[in-house]
Amino acid sequence: MAVYEHGYKPYTGSLTPEWSRFLILPRHAFRDVFRSKFFIAFFALCFLYPLVAAILIYLHHNVNAIALMKLDLRELVPINASFFHAFVTSQCSLGFFLTVLIGPPLISRDLANNALPLYLSRPFTRKEYVVGKMSVILILVSLITWIPGLLLFLLQAYLEGAGWLGQNLRLAGAIFLASLVWIVVLAVMSLAVSAWLKWRVVASGALLAIFFIPSAFGEIVNALFRTRLGHLISLGAIMNSLWRGLFGLFQRQTGQIEGMRNGRIIEITMLEPPLWASWLALALICGLCVLLLMRKVRAYEVVK
Amino acid sequence: MNPVIELDGLGVVFGKRHILQDLRGTLNGRAIGLLGPNGAGKTTLIHTLLGFHPATHGTARIFGEDITTEARRIRSLVGYMPERDSFIAKMTCVHFVRLMAELSGMPPDAALERAHESLFYVGLGEARYRTLDTYSLGMKQLAKLAQAIVHGPKLIILDEPTNGLDPPTRLRMIRLIREIRDSGEARIMLSSHLLRDVEECCDEILVLKDGRIAANCNLEEERKANRKFIELEMRGDNRAFAEAVGRLGCEYAFTNERRLKLVLPEGVEIRDLYKIAAEREVQIRRLNYKRDSLEDIFLKAMEGGDTMVEATATPSATVAATGGNGNGSL
């Protein structure tokens with residue numbers, strides 16, 4: 001079918017491996033995503049914290065710099081689990097806003113333009129389509145979360161010298177796993193929202209609402225019933241517990257308050273929900289999102 | 001060689017509604033026309049063949065590959081042009097077609113090259129860098145055709161390809177379909193409720209009615225069989241004329257008072273009819289060779305049903321209940 005021949009001819013060349021075809025979607029999506037100057041500016045901003053953290057780690061091991069600043073940086077900002085936990089928390093929060101920017105149009109645009117039959121009439125399955133769309137978020141948010149996190153970890157291990165890497169290997173796992181869990185949750189949630197809401201602004205608003213409204217509701221439950229179980233409906237609180245758990249910083253007891261029982265003032269211990277409950281809540285949220293997603297991602301919807 | 005499509009008791013049920021029921025048959029044509037009134041199950045059949053809907057009963061095979069077990073392989077052999085507007089917003093046409101080619105398994109460079117080629121082939125070469133949302137309806141249809149053929153499939157399924165097209169664009173679309181058919185490199189399945197489109201492109205037809213096969217025949221053979229099929233419009237003593245041509249061995253039937261259909265036997269020529277007309281002082285106002293019988297087949301398949309089918313270019317063919325001796329049918 002050459003331009004000059006004007007005749008129909010079949011394709012006889014080589015084909016790409018089937019397993020790699022889902023990566024076609026992020027490759028084409030990035031073109032669109034990086035067309036926005038606002039997005040590029042925000043994406044660049046996301047690397048500010050890793051840069052500052054890298055400088056801190058460097059200064060930590062530079063005796064001359066510490067002497068020059070006349071500060072005991074080692075005590076002020078210790079490079080430990082809390083340091084990396086703070087890094088992951090901050091970057092994952094930025095990852096959420098990044099997802100709010102890029103997630104909503106990923107599927108809604110295809111649904112609005114009836115593009116799914118075109119994708120699914122090719123040797124390309126629904127699962128590959130969803131994984132391909134998820135990869136857009138997975139790749140971009142990975143670039144600002146666990147990838148710089150692990151680079152910082154390696155920088156610290158290099159500068160600290162022998163022994164530190166072996167003793168703190170758990171931190172590397174925690175950085176990777178904590179980020180990955182959050183990225184998967186974000187990806188699944190934003191795609192589910194994108195599949196059900198066609199308008200970008202509404203979908204972005206819905207993503208923010210899903211994050212903040214249950215959190216506020218959970219706090220009301222906590223305040224009314226003097227409990228911490230309200231955290232189970234707050235995505236932010238669930239993730240915070242899981243991150244703390246992964247970094248070995250989780251504590252169930254988060255305070256004591258005074259309460260009345262039988263006319264007497266007593267101390268009530270506030271206990272966070274156990275970690276297994278947080279994992280379960282997260283799994284339920286993800287399961288629901290996947291269900292919603294697979295219900296909508298079809299070549300044609302059969303109207304009953 | 002494997003047939004293009006084999007239907008083996010294929011049935012599809014949505015809820016309690018039987019959309020397709022026990023479809024059986026073998027389709028071998030270079031271009032297969034899928035006909036039927038609205039709601040007959042044409043699009044559902046296409047979707048089932050593509051694996052969009054699971055078959056509830058039976059199965060079907062495309063080039064010998066089973067649709068239930070080899071769906072992925074089948075989709076690599078097939079190019080599909082959907083009926084409704086389908087595209088990816090904010091993309092240039094060449095980017096869109098390239099993406100579709102890559103999803104079919106072509107490497108990026110080859111996909112880009114083929115995208116350019118297929119857009120030139122369908123006549124969108126000059127407009128290929130425009131975004132799809134700026135295209136007219138006709139251009140969108142051509143872009144859909146380009147994405148369906150970009151990976152060089154062995155079977156191209158076209159669902160209502162001429163929907164909403166103006167006459168020149170329709171002619172262009174028909175010409176492209178015929179060119180692809182005549183190249184012999186791909187088989188075509190064309191679903192349409194426009195008999196004229198099917199008549200111009202297809203050599204085999206499958207007529208669906210209420211989810212069942214109402215007719216399945218080879219149009220080429222029908223055309224050959226109907227080479228001597230003539231329609232006359234006359235003024236004068238038509239009955240006497242008819243009896244005279246009957247004595248020549250012609251089978252005939254009146255479609256109304258002034259119109260006569262007849263089949264010329266071997267050895268009888270048109271001039272014989274003029275001779276008889278002159279002898280009986282009958283005027284032959286119009287004489288048409290009825291080249292094919294698609295509308296006949298369709299109407300017969302519908303059993304005179306009240307369909308929304310557009311008439312073909314050939315004259316109407318309501319067959320009267322009289323024959324060579326005045327009692328048969330054609």
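What counts, and where the lines are drawn
Residues numbered from 1 in each chain as written. Chains lettered and ligands numbered in written order. Predicted model: local features only at pLDDT ≥ 70, side-chain atom pairs only at ≥ 80, totals over all residues. Heavy atoms only, no water. Helix = DSSP H or I, 4+ residues; strand = E, 2+ residues; numbered from the N terminus. Buried < 20%, exposed > 50% of the residue type's maximum accessible area, 1.4 Å probe, protein only. Contact = heavy atoms within 4.5 Å. Areas by Shrake-Rupley, 256 points an atom, 1.4 Å probe, with all protein chains shown as cover. Core = buried A, V, L, I, M, F, W, Y, C linked by side-chain atoms within 4.5 Å. Domains from an automatic or database assignment. Pairing = 2+ DSSP bridges. Axes fitted to C-alpha atoms, helices over the stretch in contact; angles between N-to-C directions. Buried area = accessible area lost by both parts, 1.4 Å probe. Salt bridge = Lys/Arg side-chain N within 4 Å of Asp/Glu carboxyl O. Polar contact = N/O pair within 3.5 Å; in protein donor to acceptor, adjacent residues only side chain to side chain. Patch = residues over 30% accessible without salt bridge, like charges linked within 9 Å, V, L, I, M, F, W, Y side chains within 5 Å. Phe/Tyr/Trp six-rings, centres within 6.5 Å; stacked < 30°, edge-to-face > 60°. Lys NZ or Arg CZ within 6 Å of the ring centre and 35° of its normal.

If you tally the helices and strands in chain A, you get 15 helices and two strands. Per-residue burial for chain A yields a buried fraction of 47% across its 304 residues. Of the contacts made within chain A by residues no fewer than 6 positions apart, 72% connect residues no fewer than 24 positions apart. Just so you have it, chain A exposes about 15,600 Å², and 68% of that area is on carbon and sulfur atoms.

Counting 168 residues, the largest nonpolar core has F84, Y119 and W182 of chain A together with L45 of chain B as its most contacted members. Sorting elements by how many residues they give to this core places helix α12 (residues 169-196) of chain A first, with 17 residues. When residues of this core are sorted by domain, at least three fall in each of domain 1 (5-218) and domain 2 (226-302) of chain B. The contacts of L45 of chain B, once residues within four sequence positions are left out, are L7, L10, L20, L23, L34, M189, L206 and L208 of chain B. Within the second largest apolar cluster, 20 residues are counted, among which are L232, M234, F241 and V282 of chain B.

Let us look at the sheet that holds strand β2 (residues 17-27) of chain B. Residues and elements named next belong to chain B. Spatially, the four strands line up as an open sheet ordered β2-β1-β4-β5, and their pairing is antiparallel. The two strands at the open ends of the sheet, each matched to only one other strand, are β2 and β5 (65-66). Here strand β1 (residues 5-14) runs beside β2; their pairing, made up of eight bridges, is antiparallel. Paired with V13 across the strands is H18, a residue of β2. Set on the sheet, helix α1 (residues 42-49) makes contact with β1, β2 and β4 (57-62); between it and β1 the angle comes to about 110°.

What follows deals with the domain arrangement of chain B. How large an interface is tends to be reported as the accessible area lost when its parts come together. All names here are of chain B. Taken as a whole, chain B is organised into domain 1 (5-218) and domain 2 (226-302). Inter-centroid distance (C-alpha atoms) of domain 1 to domain 2 is 40 Å. Both faces considered, domain 1 and domain 2 share a buried interface measuring about 810 Å² in area, 82% of it formed by carbon and sulfur atoms. Considering only the side of domain 1, the residues that lose the most area to domain 2 are L195, E199 and K209, jointly responsible for 49% of the buried surface there. The interface formed by domain 1 and domain 2 includes zero salt bridges. At the boundary of domain 1 with domain 2, the tally comes to zero residue pairs in polar contact (both at pLDDT 80 or more). Elements represented by at least two residues in the side of domain 1 that touches domain 2 include exactly α7 (195-201), β9 (204-209) and β10 (212-218). Among the elements that take part in the side of domain 1 that touches domain 2, β9 stands out by supplying four residues, more than any other.

This brings us to the pattern of salt bridges. Residues and elements named next belong to chain B. According to the stated counting rule, one finds 27 salt bridges over all chains in the structure shown. The partner of D85 in a salt bridge is K140, with the nearest N and O atoms 3.6 Å apart. Residue D85 is located in the loop between β6 (78-81) and α3 (93-103), and its partner K140 is located in helix α5 (residues 137-149); the two are separated by 55 residues in the primary sequence. By relative accessible area, D85 is classed as partly exposed at 33%. Here K140 falls in the buried class, since its relative accessible area comes to 15%. Across the pair R196 and E200 runs a salt bridge whose closest N-O atoms are separated by 3.7 Å. Remark: E200 and R196 occur in helix α7; sequence separation between them is four residues, near one turn of the helix. Taking relative accessible area as the criterion, E200 reaches 23% and is therefore assigned partly exposed. Connected via shared salt-bridge partners are E6, D8, D22, R24, R61 and D66.

Another point: a nonpolar patch on the surface. Residues and elements named next belong to chain A. A cluster of nonpolar side chains, contributed by W19, L23, F47, I139 and L143, occupies part of the molecular surface with about 460 Å² of accessible area. Residue placement: L23 occurs in the segment before α1 (24-33). Residue classification places L23 among the partly exposed positions, given a relative accessible area of 35%.

Another aspect to go through is the packing of aromatic side chains. Applying the stated rule across the entire model yields 20 aromatic pairs over all chains. Taking the centre distance of 5.9 Å and the plane angle of 80° together, the rings of W182 of chain A and W243 of chain A count as edge-to-face. Of this pair, W182 of chain A sits in helix α12 while W243 of chain A is found in helix α14 (residues 235-246), placing the two residues 61 residues apart along the sequence. A network of ring pairs unites the aromatic residues F96, F97, W182, F211, F212 and W243 of chain A as a single cluster. Seen from the ring of W196 of chain A, K296 of chain A lies directly overhead, with NZ or CZ sitting 4.6 Å from the centre. Here the guanidinium or amino end of K154 of chain B rests over the ring plane of F63 of chain B, the centre of that ring lying 4.6 Å away.

Residues and elements named next belong to chain B. Relative to strand β13 (residues 259-263), strand β11 (residues 229-235) runs antiparallel, the two being bridged by five bridges. Considered in β13, the bridge of E231 is made with K261. Looking at chain direction, strand β12 (residues 251-254) and β13 are connected through four bridges and run antiparallel. When the sheet's bridge partners are listed, E251 is paired in β13 with V263.

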